[in-house]
Amino acid sequence: MTQRTALVTGGAGGIGTEITRGLIKAGYKVAATCTVIECQRIDDWRAARKAEDMDIPLFEVDVTDFYSCKKMIDDVESQVGPIDVLINNAGITRDSTLKKMTPEQWDAVINTNLDGAFNMTRQVWPGMLDRKFGRIINISSINGRKGQFGQANYSASKAGLHGFTMALAQEGARKGVTVNTISPGYTATKMMLDIPKEILDAIIAQIPAGRLAEPIEIARVALFLAADDAGFITGANIDVNGGQFIH
């Protein structure tokens with residue numbers, strides 16, 4: 001079987017790390033992205049991957065900048081190979097009630113979470129269509145499904161991501177290119193676990209499964225959707241939220 005090449009944006013984060021590790025174990029060639037600041041601060045991450053015998057090349061990019069994404073994709077494809085699987089995982093939050101939200105907070109989240117998916121996908125889309133194979137996997141959120149107080153910007157960006165998925169799935173279907181969304185619930189990443197215990201306990205109390213998701217549980221869904229034999233699944237949104245939101 002052809003060895004596929006996968007690119008994971010935000011690949012050094014909690015969920016991104018498990019996705020990159022899972023892809024490598026499944027036999028993919030894998031590259032990941034980080035922001036300029038992140039790339040300067042993740043020596044420990046690089047060392048941990050090398051200790052696992054996983055030398056994952058990291059490429060600097062500003063996902064909000066179309067031409068930064070183009071340059072980065074050109075670098076990945078020349079150094080690693082044509083991208084068969086793109087996982088749009090990079091995302092940020094800038095939480096505030098709408099009454100207090102600034103245009104800068106709105107723009108930062110929309111530009112990263114939603115525009116970033118366009119900026120990345122647009123670069124790899126023509127090649128996938130030409131090769132008649134591709135997998136686009138967009139990482140959304142439970143809060144893009146149900147909304148969340150104080151997250152109008154984040155919820156809008158993540159809901160928009162699935163609209164992007166559904167439209168693009170129709171464009172790629174006859175060419176063997178699938179586009180799907182994963183909507184994780186609250187997940188045990190470092191950012192989440194750093195929340196004060198009383199707040200974290202209140203969040204977990206709302207989850208019927210009685211716990212947070214493990215990052216590997218999100219990664220397993222990404223691996224499933226990335227597979228060659230998942231070609232009849234497109235335009236779907238898969239919830240991984242422990243029963244907290246059921247649609």
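Note that this is a predicted model, so its numbers are computed, not measured.

**Describing the overall build of the protein**
Piece 1. On a plain count of helices and strands, the protein comes out with ten helices and seven strands.
Piece 2. Its C-alpha atoms give the protein a radius of gyration of 17 Å, near enough to 18 Å, the size a compact globule of 247 residues would have.
Piece 3. The dimensions of the protein, computed from C-alpha atoms along their principal axes, are 50 × 40 × 35 Å.
Piece 4. Split into buried and exposed, the 247 residues of the protein put 49% on the buried side.

**Structural notes on the pattern of salt bridges**
Piece 1. Tallied over the full model, the rule gives twelve salt bridges.
Piece 2. Lys190 is the partner of Asp194 in a salt bridge, and the nearest nitrogen-oxygen pair spans 2.8 Å. Here Asp194 and Lys190 have matching classes, each one exposed.
Piece 3. With a closest N to O distance of 2.9 Å, Arg211 and Glu217 form a salt bridge.
Piece 4. On the basis of relative accessible area, Arg211 is assigned to the partly exposed category, the value being 40%.
Piece 5. The class for Glu217 is partly exposed, based on a relative accessible area of 24%.
Piece 6. One salt-bridge network, in which partners are shared between bridges, spans Arg4, Asp84, Arg131 and Asp228.

**Regarding the sheet that holds strand β6 (residues 177-184)**
Piece 1. Taken together, the seven strands give an open sheet; going across it, the order is β3-β2-β1-β4-β5-β6-β7, and neighbouring strands pair in parallel fashion. Where the open sheet ends on each side, the last strands, each with one partner, are β3 (58-60) and β7 (237-240). Across the sheet, the mean angle separating the axes of adjacent strands is 20° when strand polarity is ignored.
Piece 2. Sheet topology note: the strand β2 (residues 29-34)/β3 ladder contains three bridges and is parallel. Within the sheet, the bridge partner assigned to Cys34 lies in β3 and is Glu60.

**Digging into the environment of Ala51**
Piece 1. Along the chain, Ala51 turns up in helix α3 (residues 43-51).
Piece 2. For the pair Ala51 and Val179, spaced 128 residues apart in the sequence, the C-alpha separation amounts to 33 Å.

**Quick word on the packing of helix α5 (residues 103-131) against helix α7 (residues 152-172)**
Piece 1. Contact geometry of α5 with α7 gives a least axis separation of 8 Å together with a crossing angle of 15°. With respect to α7, the axis of α5 lies roughly parallel. Handedness of the α5/α7 crossing: right-handed. Residues Gln105, Trp106, Val109, Ile110, Asn113, Leu114, Ala117, Phe118, Thr121, Trp125 and Leu129 of α5 pack against Ala152, Asn153, Tyr154, Ala156, Ser157, Lys158, Gly160, Leu161, Phe164, Leu168, Glu171 and Gly172 of α7.

**Side note on the side chain of Asn153**
Piece 1. For Asn153, the location among the structural elements is in helix α7.
Piece 2. Within the structure, Asn153 has its side chain in polar contact with the backbone oxygen of Arg94 (distance 2.9 Å).

**A look at the packing of aromatic side chains**
Piece 1. One pass over the structure, following the stated rule, counts two aromatic pairs.
Piece 2. Between Phe66 and Tyr67, the aromatic rings sit 5.2 Å apart at their centres with planes inclined by 80°, giving edge-to-face as the arrangement.
Piece 3. A residue is classified by how much of its surface remains accessible, and Phe66, at 24% relative accessible area, is partly exposed.
Piece 4. Residue Tyr67 is classed as exposed on the basis of its relative accessible area, which comes to 62%.
Piece 5. Aromatic side chains Phe66 and Phe118 sit 6.0 Å apart centroid to centroid with 25° between the ring planes, which places their arrangement in the stacked category. With Phe66 in helix α4 (residues 66-79) and Phe118 in helix α5, this residue pair connects regions lying 52 residues apart in the sequence.
Piece 6. The exposure class of Phe118 is partly exposed, given its relative accessible area of 40%.

**Let's talk about the environment of Ala188**
Piece 1. The residue Ala188 is located in the loop between β6 and α8 (190-193) in this model.
Piece 2. In this structure the C-alpha to C-alpha distance between Ala188 and Ile15, which are 173 residues apart in sequence, comes to 9.0 Å.
Piece 3. Beyond its immediate chain neighbours, meaning those up to four positions away, Ala188 contacts Leu193, Leu212, Ala213, Glu214 and Pro215.

Here is what the cut-offs are and how they apply
- Residues numbered from 1 in each chain as written.
- Predicted model: local features only at pLDDT ≥ 70, side-chain atom pairs only at ≥ 80, totals over all residues.
- Heavy atoms only, no water.
- Helix = DSSP H or I, 4+ residues; strand = E, 2+ residues; numbered from the N terminus.
- Rg over C-alpha atoms; globule rule 2.2 N^0.38 Å.
- Buried < 20%, exposed > 50% of the residue type's maximum accessible area, 1.4 Å probe, protein only.
- Salt bridge = Lys/Arg side-chain N within 4 Å of Asp/Glu carboxyl O.
- Pairing = 2+ DSSP bridges.
- Axes fitted to C-alpha atoms, helices over the stretch in contact; angles between N-to-C directions.
- Parallel < 35°, antiparallel > 145°, perpendicular 65-115°, else oblique.
- Left-handed = near helix turned anticlockwise from the far one by under 90°.
- Contact = heavy atoms within 4.5 Å.
- Polar contact = N/O pair within 3.5 Å; in protein donor to acceptor, adjacent residues only side chain to side chain.
- Phe/Tyr/Trp six-rings, centres within 6.5 Å; stacked < 30°, edge-to-face > 60°.

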